[in-house]
Amino acid sequence: MRKKILFVGSEAAPFAATGGLGDVLGSLPPAIAEAAQDGADVRVVLPLYGSVSDAFRAEMREECVMRIPLAWRSLYCGVKSLYRDGVKWYFIDNEDYFKRDRLYGCFDDGERFAFFCTAAMEILPRLNIFPDYLHANDWQSALTVIYAKRRYGHLPGYAAMKTVFTIHNIEYQGVYDPAILGDIFALSPDDALTVMHNGAINLMKGAIECCDLLTTVSPRYAEEIKGPDFAHGLDEVIRRNAHKLSGILNGIDYLSYDPKADPALPVRYSFRSPEKKAKNKEAFFREMGWEDGEDKPLFAMITRLASHKGVDLVSAIADRLMERDLRFAILGTGEGGYEAFFRELEQRRRDKVRSLILFDRALSRRLYAASDFFIMPSKSEPCGLSQMIASRYGSIPITRETGGLADSISPFREDGGKLAGNGFTFRDYRGEALLDRVDAALRLYADREKNLRYRTRVMRIDFSWNQSAKKYLKLYGI
Ligand code: GLC
């Protein structure tokens, strides 16, 4: 029997995406459809943000228009859909909620996603699309899992539906004042025990309690969040629900992140043509206004400038990094203090540093392609995708051993003449530990033959969805 899987989430590339969640929800559903062949019917429900392009809108068909009840409100809801990559994508339209200049960070996010989740539940009978598994992701769609259990569970169609909840990052939990339990979230005082945590409504906690299966995006992170250092206050809740929990490592979209076919690159290449990768480096140096030094190793970071990404480690060793014979480019936006720090570093060391304080996807691809090493020293990292993209583009990862970084990158070693591992890694969250691995990378770079051999190995590691999609199929019993 063909199993029906319905994903619910707040973003998916290429429609609307701000980060890793969007990358995963854009590429995992098609990967599951492909891996299952005819064994699965895969669909996704997303908000129709104002930023979804006209080209996609032109492809959409009108599914229905309905009213959605949310506590005392009755709200307009249009449902549109399109078919792409073996998956049917549904878009929930309500311009009051979703025609904004950003995806999140609005004063009424709680209400916007309560509406979205209610709509996701209400369209099931209307479009006759009850799935075997409803698969929600992070706090913005957590309410669907709570509603499935607490509000709709007794109704025909909903009763047989199982739920999966995936934690992409436990740091963002959807925490709200208990005063809006009924008015905004349409939950009753009986539900309080399920959704309350430390005196507040906590949507992620509610979904963890209510889901049938709980997953996160790497096996290591699944272990880490059982303890207080990583769980942001939810460790006890995770431990209590650990029998439902498993970790499945993300993959990356191998069609999109392919240096052989990436239209953003000046010169396309593969592990068979390292000299063409070098051309990308030359072009990048020119773009950055560096007149010489193409023979120097280029270290890159592409990251949100947030402390849990380990940016503070890099700022702590910045001066000592500058003593080394290298080039360093950092791309990303984030906390004001870090933005200022790296701007100032560039001003002082224009000979060695470029601080690109912006969000630019094409530029990020040029930097993956140009760089020799990719620094990702996260304090915590549920999975991380950049280290996988960097690998495919031949930029050797230098990572801290946490979460998905630990599951995807292991240290280089030569076992009886045979090369193993795929990067430089360190354990202690200390600047010196990172610097030590940078020095190891510099030594590798100085040995041309070895450098090429190691880099080729890194580029050939399989970070596609192949393996992981099979694990999801098993989870759904396909
Ligand atoms: C979040 C996590 C990141 C993960 C991504 C996709 O952005 O912080 O580690 O790769 O979700 O699951």
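No experiment lies behind these values; they were computed from the predicted model shown.

K.L.:
So what's going on with unusual backbone geometry? Residues and values would help.
P.N.:
In this structure, Pro14 follows Ala13 across a cis peptide bond, with omega equal to 5 degrees. Positionally, Pro14 belongs in the loop between β1 (3–8) and α1 (20–36). Although it is not a glycine, Ala71 sits at a positive phi angle of roughly 50 degrees. Of note, Ala71 is situated in the loop between β3 (61–70) and β4 (73–84). According to the relative accessible area criterion, Ala71 is partly exposed, its value standing at 38%. Phi is positive for Asn128, which is not a glycine, with a value near 55 degrees. On the secondary structure map, Asn128 appears in the loop between α4 (109–127) and β6 (133–137). Its relative accessible area of 64% is what places Asn128 among the exposed residues.

K.L.:
Break down α1 for me, citing the residues and quoting the values.
P.N.:
When the terminal C-alpha atoms of α1 are compared, their 24 Å separation across 17 residues agrees well with the 24 Å that a helix rising 1.5 Å per residue should span. Here α1 lies mainly inside the structure; 14 of its 17 residues are buried. Downstream of α1 by a residue or two, Gln37 has a phi angle that is positive, lying close to 55 degrees.

K.L.:
Now, about the site of the ligand: what can you tell me, with residues and values included?
P.N.:
Close contacts around the ligand come from Gly20, Leu21, Val24, His168, Asn169, Val217, Asn250, Glu381, Pro382, Cys383, Gly384 and Leu385, and that covers them all. Contact between the ligand and Asn169: an oxygen atom at 3.4 Å from a side-chain N or O atom of the residue. One of the backbone nitrogen or oxygen atoms of Cys383 is found 2.9 Å away from an oxygen atom of the ligand. When the ligand sits alone it has 310 Å² of accessible area, and the protein chains cover 91% of it. With respect to the detected pockets, the ligand is housed in the largest pocket. When we break the shell around the ligand down by domain, the ones giving at least three residues each are domain 1 (3–251 + 465–476) and domain 2 (274–459).

The rules behind these values
- Residues numbered from 1 in each chain as written.
- Predicted model: local features only at pLDDT ≥ 70, side-chain atom pairs only at ≥ 80, totals over all residues.
- Heavy atoms only, no water.
- Helix = DSSP H or I, 4+ residues; strand = E, 2+ residues; numbered from the N terminus.
- Buried < 20%, exposed > 50% of the residue type's maximum accessible area, 1.4 Å probe, protein only.
- Expected span 1.5 Å × (residues − 1).
- Near = heavy atom within 4 Å.
- Polar contact = N/O pair within 3.5 Å; in protein donor to acceptor, adjacent residues only side chain to side chain.
- Areas by Shrake-Rupley, 256 points an atom, 1.4 Å probe, with all protein chains shown as cover.
- 1 Å grid on protein atoms, 1.4 Å probe; cavity = no way out; pocket = protein on both sides within 12 Å on 5 of 7 lines; lining within 4 Å.
- Sits in = over half its atoms within 2 Å of the grid points.
- Domains from an automatic or database assignment.

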